[in-house]
Amino acid sequence: MILHLDNGRWYIDVRGPGSSDQHSLDLSLHLPRRLTAGHVVIVAENPRVFLSVIRKRWMRLLYDVEIQRSSTLDPLRRESLQHEVERMRTCTFSAKAPPDAPVGTQIFVVKPDWLTDLPEHMTLYIATSLTTQQIVQAMKRLRRGGLIVIYGNWTADYEILLHQTYQ
Amino acid sequence: MVMLITRPTTLPSQVICIICKEPVQPDQATSGSLDANNQQAYACSHHLYNRRLWVPEWAAFEITQQRIRSKAKESA
Ligand SMILES: [Zn+2]
């Protein structure tokens, strides 16, 4: 579901409750769509474990995209899938926040208490529950026109998102 | 995954899915990449798990938008 906020500062997608397996699958399928927009931040309870799951799914998806590319004859489709493969192959992840993350990192997987060190980003995935204060912190570096994707139930703590979006 | 949301009240009635090109209700849509004008583009949520559709359609959309952007830059 989208909370379509054309007149606001950010866009919000709510993916709703589900298992962590479902969330990681959803996120790994969605993530390639956000790579060209700018940096991506994923907030997870255990960044190392979450990143390892995402990486595995990413490699499987990459393999699938390569197969799709080699089996298509349509030139536009082939070229765009080639771009997709390159983007996915060269994408860089880190389970650390700056300044500890390697230079050139595109996707940062961070714990809720690391939100003070975020880089400027265009996409924020919230894969764990956050307090209002943590949300406010994370959104400080979210660029205008950016997207917030929330996994799990919409709680009262998230109301601040709507409030801030229209500020 | 199903989500019930009671707010906000400013939702538009529908957005256009870049995959099936049909209008779709916001509660059944997913945000994807940005278009050539840096506006948010959307698709029906149910396409997400159909990776044989989801991946190539978005990839083609993105390269097309990239070309539009380049052309606009050239002519500017
Ligand atoms: Zn559709």
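Draft legend 1. Molecular detail of unusual backbone geometry. Cis geometry is adopted by the peptide bond preceding P99(A), which originates at P98(A) and carries an omega value of 10 degrees. By secondary structure assignment, the location of P99(A) is in the loop between β4 (93-94) and β5 (107-110). The phi torsion at K21(B) lies on the positive side, around 60 degrees, for a residue other than glycine. Summarising the element assignment, K21(B) is placed in the loop between β1 (15-16) and β2 (23-24).

Draft legend 2. The nonpolar core, seen in detail. One finds L27(A), L31(A), I42(A), F93(A), I107(A), Y125(A) and W58(B) to be the most contacted residues of the largest nonpolar core, which totals 43 residues. Going through the elements one at a time, α1 (20-30), β3 (40-43), α2 (47-70), α3 (75-90), β5 and β7 (142-151) of chain A together with β4 (40-44) and α1 (51-75) of chain B are the ones with two or more residues in this core. In terms of residues, this core owes the most to one element, α2(A), which gives 7 residues. The residues contacting L27(A), other than those within four sequence positions of it, are I42(A), F50(A), I54(A), Y125(A) and Y151(A). Counting residues in hydrophobic clusters, the runner-up holds 24 residues, among them I126(A), A138(A), Y158(A) and L162(A).

Draft legend 3. Here's a closer look at the coordination of the zinc ion. All names here are of chain B. Taken together, the protein ligands of the zinc ion are C17 (SG), C20 (SG), C44 (SG) and H47 (NE2), with distances of 2.1 to 2.3 Å. All donor residues of the zinc ion come from one chain, and their arrangement in sequence is C-x2-C-x23-C-x2-H. Summarising the burial analysis for this pair, C44 and H47 share the class buried.

Definitions and limits used
- Residues numbered from 1 in each chain as written.
- Chains lettered and ligands numbered in written order.
- Predicted model: local features only at pLDDT ≥ 70, side-chain atom pairs only at ≥ 80, totals over all residues.
- Heavy atoms only, no water.
- Helix = DSSP H or I, 4+ residues; strand = E, 2+ residues; numbered from the N terminus.
- Core = buried A, V, L, I, M, F, W, Y, C linked by side-chain atoms within 4.5 Å.
- Buried < 20%, exposed > 50% of the residue type's maximum accessible area, 1.4 Å probe, protein only.
- Contact = heavy atoms within 4.5 Å.
- Donors = N, O, S within 2.8 Å, 3.2 Å for Na, K, Ca; no water.

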